[in-house]
Amino acid sequence: MPIFDETATVDQVAQAFVPQIKGRTFVITGAGQPSIGSQIAKAISHASPEHILIASRTASKVEPVLSAIKEIDPSIKATFVQIDLSDHDSVRRAAKEILAATSSKIDILINSAGNMAIKEYTLDKQGIEISLSANHVGHFLLANLLAPALIAAAASNKEHSTRIVNLTSKGYTISPFRFDDYNFSDGKTYDCWTGYGQAKTANILFSYGLTKHLRERGVVSFAAHPGSNLDTKLGSHLSVEDYSDILPIAKRNTGRDFVFEEPRFKSFEQIAATPLIAALDPEITAEAPAYLENSRIDETYEYAHDPKNAEKLWKLSEKLVGEEFNY
Ligand SMILES: NC(=O)c1ccc[n+]([C@@H]2O[C@H](COP(=O)([O-])OP(=O)(O)OC[C@H]3O[C@@H](n4cnc5c(N)ncnc54)[C@H](OP(=O)(O)O)[C@@H]3O)[C@@H](O)[C@H]2O)c1
């Protein structure tokens, strides 16, 4: 297997892992054009997957991605399911549609949908702060509703590993999960970077929770930080100055200095490489759960992988979606 570094492109990764893509079913959330999810969908299309299902919010942004897949390989089944991850009724409806469209067999689920640093304190339909809602809680519900299909895929394919990848961010170092005040006291304690930091910490803890709950059924999970890139829509509402607010906020929340990573930015072709490695690399299966950055497994702050925090978040998430999940 090639050893990738921070310069890896998503196409190089897809080329390296053709056997892990060929004939398999991928569900990717948040893959409107342009996004990390869209890059992953297009890259794997060169390696003959059976089915790529995109679950995303806006149909018109996914249409060019589906067309690109069909252009690359018309034999791939390419499906769109509309979902609003911040609306639990929508997630439940979409999960049913996804299970029907995939005949309840999913090999790889990549949770890439998300938002970042929403300046105004905003609640979802259920009353949950919108960063936590769209980045984590919606994915918690979706992944658990789809889990039977991942378990079925794992049972029928012992050769390749069945995985759930949660897109996180180095932004997790801005804030631990705020178990005592996750909804920011009705906005009184809210700032947009702490909102993002908490949600991205939740993405990592969720990978630990998923692996604990599902490993015996053949499913493992990784959290992947893709790197930073300004070509996607994630930060299109922010100015360069907005990012300087991160430093004092992270220091206040964690007691540590926030360090902008190296390389500071990745190209659009590089930004989806690490999440795709997390989804496919057969050599890391036994290391799950883990966090990846710059194409390899890396360490995280204690608060992002503490098993007690992972279980506490699992229980809180069950409360927020009104359903318990045991495997
Ligand atoms: N780009 C970066 O520099 C960077 C850095 C670190 C981490 N990340 C992480 O990578 C992931 C993907 O980011 P990106 O750069 O691809 O962002 P993006 O370009 O903004 O794409 C996000 C996608 O998620 C969808 N989405 C947002 N809210 C949704 C909701 N409530 N329900 C369903 N779909 C929803 C969007 O749908 P619409 O098409 O309707 O907008 C879009 O397709 C995020 O988790 C982010 O935190 C990105």
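Residues numbered from 1 in each chain as written. Predicted model: local features only at pLDDT ≥ 70, side-chain atom pairs only at ≥ 80, totals over all residues.

Engineer: Explain the overall build of the protein chain to me, using residue names and the numbers behind them.
Structural biologist: Across its full length, the protein chain holds eleven helices and eight strands. Relative to the compact-globule value of 20 Å for 327 residues, the protein chain shows a C-alpha radius of gyration of 18 Å, a close match. Along the first, second and third principal axes, the C-alpha set of the protein chain runs to 50 × 40 × 40 Å. A burial count over the protein chain gives 53% of its 327 residues as buried. For the protein chain, contacts bridging at least 24 residues in sequence account for 79% of all contacts bridging at least 6. (Helix = DSSP H or I, 4+ residues; strand = E, 2+ residues; numbered from the N terminus. Rg over C-alpha atoms; globule rule 2.2 N^0.38 Å. Buried ≥ 20, exposed ≤ 12 C-beta atoms within 10 Å, placed from the backbone. Contact = placed C-beta atoms within 7 Å.)

Engineer: Which residues make up the pairing of strand E6 (residues 219–225), and what values go with them?
Structural biologist: Of all seven residues in E6, seven are buried, a share of seventy percent or more. Alternating positions in E6 separate into two faces, Val219, Ser221, Ala223 and His225 on one and Val220, Phe222 and Ala224 on the other, with burial throughout. By the bridge criterion, four bridges tie E6 to strand E7 (residues 290–293) in an arrangement that is parallel. Along E7, the bridge assignment pairs Phe222 with Ala290. (Pairing = 2+ DSSP bridges.)

Engineer: Now, about the site of the ligand: what can you tell me, with residues and values included?
Structural biologist: If you check the shell around the ligand, you find 31 residues, and the closest are Gly30, Gly32, Ser35, Gly114 and Thr232. When contributions to the shell around the ligand are tallied by element, the ones reaching two or more residues are helix H3 (36–44) and helix H6 (130–156). In the shell around the ligand, the residues fall into eleven nonpolar, 16 polar and four charged. (Near = placed C-beta within 6 Å. Nonpolar A, V, L, I, M, F, W, Y, C, P; charged D, E, K, R; others polar.)

Engineer: Give a description of the packing of helix H7 (residues 192–214) against helix H11 (residues 307–321) that names residues and reports values.
Structural biologist: At their nearest, the axes of H7 and H11 sit 8 Å apart, and the two run at 90 degrees to each other. In this view, H7 runs roughly perpendicular relative to H11, as classed from their interaxial angle. Contact residues: Ala202, Leu205, Phe206, Tyr208, Gly209 and Lys212 in H7; Pro307, Asn309, Ala310, Glu311, Leu313 and Trp314 in H11. (Axes fitted to C-alpha atoms, helices over the stretch in contact; angles between N-to-C directions. Parallel < 35°, antiparallel > 145°, perpendicular 65-115°, else oblique.)

Engineer: Summarise the pairing of strand E1 (residues 25–29); cite the residues concerned and give the values.
Structural biologist: Every regular strand shows the same layout, with side chains that alternate between the two sheet faces. Of all five residues in E1, five are buried, a share of seventy percent or more. Side-chain alternation along E1 places Thr25, Val27 and Thr29 on one buried face and Phe26 and Ile28 on a second face that is also buried. In the sheet, E1 pairs with strand E2 (residues 51–56) via five bridges, with the strands oriented parallel. By the bridge assignment, Ile28 is partnered in E2 with Ile54. After leaving E1, the chain enters H3 and then returns to the sheet as E2, a path that is right-handed. (Right-handed = clockwise from strand over helix to strand, strands pointing away.)

Engineer: Any details on the sheet that holds strand E3 (residues 77–82)? Residues and values, ideally.
Structural biologist: Taken in spatial order, the eight strands line up as E3-E2-E1-E4-E5-E6-E7-E8 in an open sheet, and their pairing is mixed. In the strand order of this sheet, the two ends are held by E3 and strand E8 (296–298), each with one partner. Averaged over neighbouring strand pairs, the angle between their axes works out to 25 degrees when direction is ignored. Contacting E1, E2 and E3, helix H5 (residues 88–101) runs over the sheet at an angle of about 165 degrees to E3. Strands E1, strand E4 (108–111), strand E5 (162–167) and E6 of the sheet are contacted by H6, whose axis makes an angle of about 160 degrees with E5.

Engineer: If you had to explain the environment of Leu141 to someone new, which residues and values would you point to?
Structural biologist: When you line up the elements, Leu141 lands in helix H6. Sequence separation between Leu141 and Pro275 is 134 residues, and the spatial gap between their C-alpha atoms is 21 Å. With sequence-adjacent residues up to four places away left out, Leu141 is seen in contact with His88, Val91 and Val321.

Engineer: Give me the nonpolar core: which residues, what numbers.
Structural biologist: Counting 99 residues, the largest nonpolar core has Ile40, Ile52, Leu146, Leu150 and Leu276 as its most contacted members. Element by element, the count of residues in this core is highest for H6, at 15 residues. The residues contacting Leu276, other than those within four sequence positions of it, are Val10, Val13, Ala14, Ile40 and Ala43. (Core = buried A, V, L, I, M, F, W, Y, C linked by C-beta atoms within 7 Å.)

Engineer: Describe the environment of Gly171, with residues and values.
Structural biologist: Relative to the helices and strands, Gly171 resides in the loop between E5 and H7. Looking at Gly171, the number of C-beta atoms within 10 Å reads 22, which means it is buried. Sequence-wise, Gly171 and His160 are eleven residues apart; in three dimensions their C-alpha atoms are separated by 31 Å. The contact partners of Gly171, leaving out residues within four places of it in the chain, are Tyr196, Gly197 and Lys200.

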